[in-house]
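# Working through the structure, step by step
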Amino acid sequence: MPDIFFPSDAIKNQAHITEDEYNRLYAESLGDPEAFWDRVARTELEWFSPWEMVLDWQYPQYKWFVGGKLNITHNCLDRHVNGINKYKKAFIHIDEEGVETSVTYMELLERVNRCANALRSLGVAKGDRVVLYMPLVIEQVVVMLACARIGAVHSVVFAGLSDKALRERIVDSEAKVVITANWTKRRGKKIDLKGVVGRATEGLDTVQSIVVLVRDGDACELHTKEVNFDDIVAKQSAVCVPVPMDSEDPLFVLYTSGSTGKPKGIVHTTGGYSVYTHYTTKIVFDLKDNDTYWCTADPGWITGHSYVVYGPLSIGATSLLVEGAPDYPKPDRWWEIIAKYHVNIFYTSPTAIRLLRKHGEQYVSPHDLSSLRVLGTVGEPISEEVWGWFYERIGKGRCVLIDTWWQTETGGHMIVSLPSLPQKPGIAGRPFFGIEADVVDVQGTRLRDGEKGLLVIRKPWPSALRTCWNDEERFEQYWSEIKGVYCAGDLAIRDSDGYIKIIGRSDDVINISGHRIGTAEAESAIGTHPAVAEVAVIAKSHEIKGQAIKAFVVLKSGHSESDQLRNEIKLQVKSEIGSYAVPEEVVFVPTLPKTRSGKIMRRVLRAQESGEDVGDLSTIED
Ligand code: PRX
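Residues numbered from 1 in each chain as written. Predicted model: local features only at pLDDT ≥ 70, side-chain atom pairs only at ≥ 80, totals over all residues. Heavy atoms only, no water.

## A closer look at the nonpolar core
Formed by 163 residues in total, the largest nonpolar core has its most connected members in Trp 37 and Phe 432. By residue number, the principal contributor to this core is helix α6 (residues 138–150), which donates ten residues. Split by domain, the residues of this core number at least three in each of domain 1 (87–237) and domain 2 (509–610). Every residue in contact with Trp 37, bar those within four places of it in the chain, is listed here: Val 54, Trp 64, Phe 65, Val 275, Tyr 276, Tyr 279, Phe 432, Phe 433, Gly 434 and Pro 462. Counting 29 residues, the second largest nonpolar core, distinct from the first, contains Ile 94, Ala 352, Val 386 and Tyr 391. (Core = buried A, V, L, I, M, F, W, Y, C linked by side-chain atoms within 4.5 Å. Buried < 20%, exposed > 50% of the residue type's maximum accessible area, 1.4 Å probe, protein only. Helix = DSSP H or I, 4+ residues; strand = E, 2+ residues; numbered from the N terminus. Domains from an automatic or database assignment. Contact = heavy atoms within 4.5 Å.)

## Considerations on the domain arrangement of the protein chain
As assigned here, the protein chain comprises domain 1 (87–237) and domain 2 (509–610). A C-alpha centroid distance of 33 Å is found between domain 1 and domain 2. Across the contact, six residues belong to domain 1 and seven residues belong to domain 2. Across the domain 1 to domain 2 interface the summed buried area is about 450 Å²; carbon plus sulfur atoms make up 40%. Ranking the residues of domain 1 by area buried against domain 2 places Leu 161, Ser 162 and Lys 164 at the top, with a combined share of 66%. At the surface where domain 1 touches domain 2, the tally comes to one salt bridge. Two residues, Glu 576 and Lys 164, come together in a salt bridge whose shortest N-O distance is 3.2 Å. Across the domain 1-domain 2 interface, the total number found is four residue pairs in polar contact (both at pLDDT 80 or more). Split into classes, the residues belonging to the side of domain 1 that touches domain 2 amount to two nonpolar, two polar and two charged. (Buried area = accessible area lost by both parts, 1.4 Å probe. Salt bridge = Lys/Arg side-chain N within 4 Å of Asp/Glu carboxyl O. Polar contact = N/O pair within 3.5 Å; in protein donor to acceptor, adjacent residues only side chain to side chain. Nonpolar A, V, L, I, M, F, W, Y, C, P; charged D, E, K, R; others polar.)

## A look at the packing of aromatic side chains
Under the defined criterion, the tally for this structure stands at 39 aromatic pairs. Centre to centre, the rings of Phe 5 and Trp 387 are 5.1 Å apart; their planes meet at 45°, and the pair counts as tilted. Taken together, the residues Phe 5 in the segment before α1 (9–14) and Trp 387 in helix α14 (residues 384–394) connect sequence positions 382 residues apart. Each member of the pair Phe 5 and Trp 387 is classed as buried. On the numbers, 5.8 Å between centres and 85° between planes, the contact of Tyr 273 with Tyr 310 is edge-to-face. Residue Tyr 273 is found in helix α10 (residues 270–284), and its partner Tyr 310 is found in helix α11 (residues 302–315); the two are separated by 37 residues along the sequence. Taken individually, Tyr 273 and Tyr 310 each receive the classification buried, so the pair is uniform in this respect. Joined through ring pairs, the aromatic side chains of Tyr 22, Tyr 26, Phe 36, Trp 37, Tyr 276, Tyr 279, Phe 432 and Phe 433 make up one cluster. (Phe/Tyr/Trp six-rings, centres within 6.5 Å; stacked < 30°, edge-to-face > 60°.)

## Quick look at helix α12 (residues 333–341)
The buried count for α12 comes to seven of nine residues, which makes it a mostly enclosed element. Inspection of α12 places Arg 333, Trp 334, Trp 335, Ile 337, Ile 338, Ala 339 and Tyr 341 among the buried residues, and these make up the whole buried set. His 342 sits one or two positions beyond α12 and adopts a positive phi of about 50°.

## Some details on the pairing of strand β4 (residues 89–94)
Most of β4 sits out of view: five of its six residues are buried. Here five bridges tie β4 to strand β5 (residues 100–104), and the two strands are oriented antiparallel to one another. By the bridge assignment for β5, Ile 94 is matched with Glu 100. Hairpin connection, β4 to β5: the antiparallel pair is bridged by five residues, and Gly 98 has positive phi, about 90°. Taken together, the four bridges between β4 and strand β17 (residues 318–322) define a ladder with parallel strand orientation. The partner of His 93 across the bridge, within β17, is Leu 321. (Pairing = 2+ DSSP bridges.)

## Observations regarding the site of the ligand
Taken together, 17 residues are adjacent to the ligand, and Thr 404, Thr 408, Asp 490, Arg 505 and Arg 516 come closest. For the ligand, an oxygen atom lies 2.9 Å from a polar atom in the side chain of Gln 407. At a separation of 2.8 Å, an oxygen atom of the ligand approaches a polar side-chain atom of Arg 516. Within the complex, 96% of the 540 Å² of free accessible area of the ligand lies under protein. Among the secondary structure elements, those contributing two or more residues to the shell around the ligand are α11, β20 (400–405) and β27 (500–505). Looking at the shell around the ligand, its residues break down into six nonpolar, six polar and five charged. (Near = heavy atom within 4 Å. Areas by Shrake-Rupley, 256 points an atom, 1.4 Å probe, with all protein chains shown as cover.)

## Brief notes about the pairing of strand β7 (residues 153–156)
By the alternation rule, side chains of β7 split into Val 153 and Ser 155 and His 154 and Val 156, which are all buried. In terms of strand pairing, strand β6 (residues 129–133) meets β7 through four bridges, oriented parallel. Residue pairing for β7: Arg 129 is matched across the bridge by Val 153. A crossover links β6 with its parallel partner β7, the connecting element being α6, and its sense is right-handed. (Right-handed = clockwise from strand over helix to strand, strands pointing away.)

The following block contains the structure:
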């Protein structure tokens, strides 16, 4: 396969930014980032009042568009309803059975307003936290926007996390209200979300109300604190004036895993996030408001926040919301949807592509995928082989295939392959405007092209995380690990054209199907099993998920290894965290390799797993 692909004239001719413009604007954006972002913010969004200062950087704190007032929902909804997109579809929801429901921009605004008024009737005010534990339905987007409309801070928890993981997030964010649904479906099986929320909130006085979306008019018994979503929303006025938010008022908290301790609540604020997600959606996907766009992520993760909800709505696009698994009830479900809805821009994960590729060619070929123009991937490295399959079999060699590297913390795309630029399979691409990305050693010294090192960003960008909820110290670590720069926690290599290849995490974070899990988190979940004395987990490579967990367990005396125990340990992780973190493999060992001071040497386990040299063992205890 060639190591470089050039976009067709058709793609280049309609791209928002040409290659020459990229080079010029990128230089401009680094030379004078404030002038660059000032112009973007003024021309792309509507503000209630302008800012006095574009960037106030007092290391390690930074503020963007200081003093500016806006509401993200005004830009995502009112602006379109006041313009030509009023009756245009904002979302088309497709459930597992293929049943379709849609909502126009005007209808969405009305539903958001009613929901915002309903939240107010429950006592939710600006700054209060609302936790969502919902399926991928239009109401999930409605609730997120309703929070933003009144300045409440949403914290979406992926509805696949366990009751314990949900409780941890509700407690940490001190949420006043939790919103859920009676069920979601996964592979035809109904999952009782309300039951999970019930267990997660048991005895929590901070939670005043639980709002339950009762789907399909099912009978649903409501307990103390529980209210019916439709009942409470239907009573409300369809008018709700958006609260003028300060640029730096928090918009949401989203929990993600780090290498140590409990998940951290990444805080994003209103102004910089609005500007950056709008602009990256427009430029990176080359999204026009007549496009049909489909990002397959769930709003339970950052990709769903930025590129299902806020970015595409800000542009005024029509997006698909598809509930359920990629290959259920049939392996060509996604290709059928692309053909039926004439999807132009399709953004997904390498895991999904690996899964669908494995089902085989015969599921792709019957479908007319000619509407596609831009394909994108996110969340994990994509191998050249998988890139090639996606490009040839789905894009038919005609579409542009862009990779996008970014993180929960970055809020938006950081390293990308813009549609009009040459694409290098397996290489994330070049930094977006204003992003001064570099590859350095542990001291922060810039490495030469071709050398592997730590990926850092030298200056704050508009949608950078502002803090970690209740944990400023953890925030500061991002900017102090290598003093003065943002350390991403990834290993990377820069080539002589300035393209950056992401190798993987440099820390103790495992990436399973594009979802982060800290080794410490997984180990502490396994450690709660009464038979476990000690445990160490490492990542092993996995054909579909990219990485999976392999756990080495030392049992307490009196317990002996068995398949039943192995399954119990797996179930323990499911109940502490969620299914996605369940170890692929559990091996019982008599001891773990440790240093003389008692620290587990995971690198020895990793080297053994990959068949590499275990390196210096002089500090090993035994
Ligand atoms: O290791 C990188 C990997 O995912 C991490 C961020 O995970 P999360 O915060 O959950 O956000 C995922 C979606 C934005 C990164 O530190 N990662 C993300 N995108 C890529 C990637 N690795 C390689 N290539 C990518 N395109």
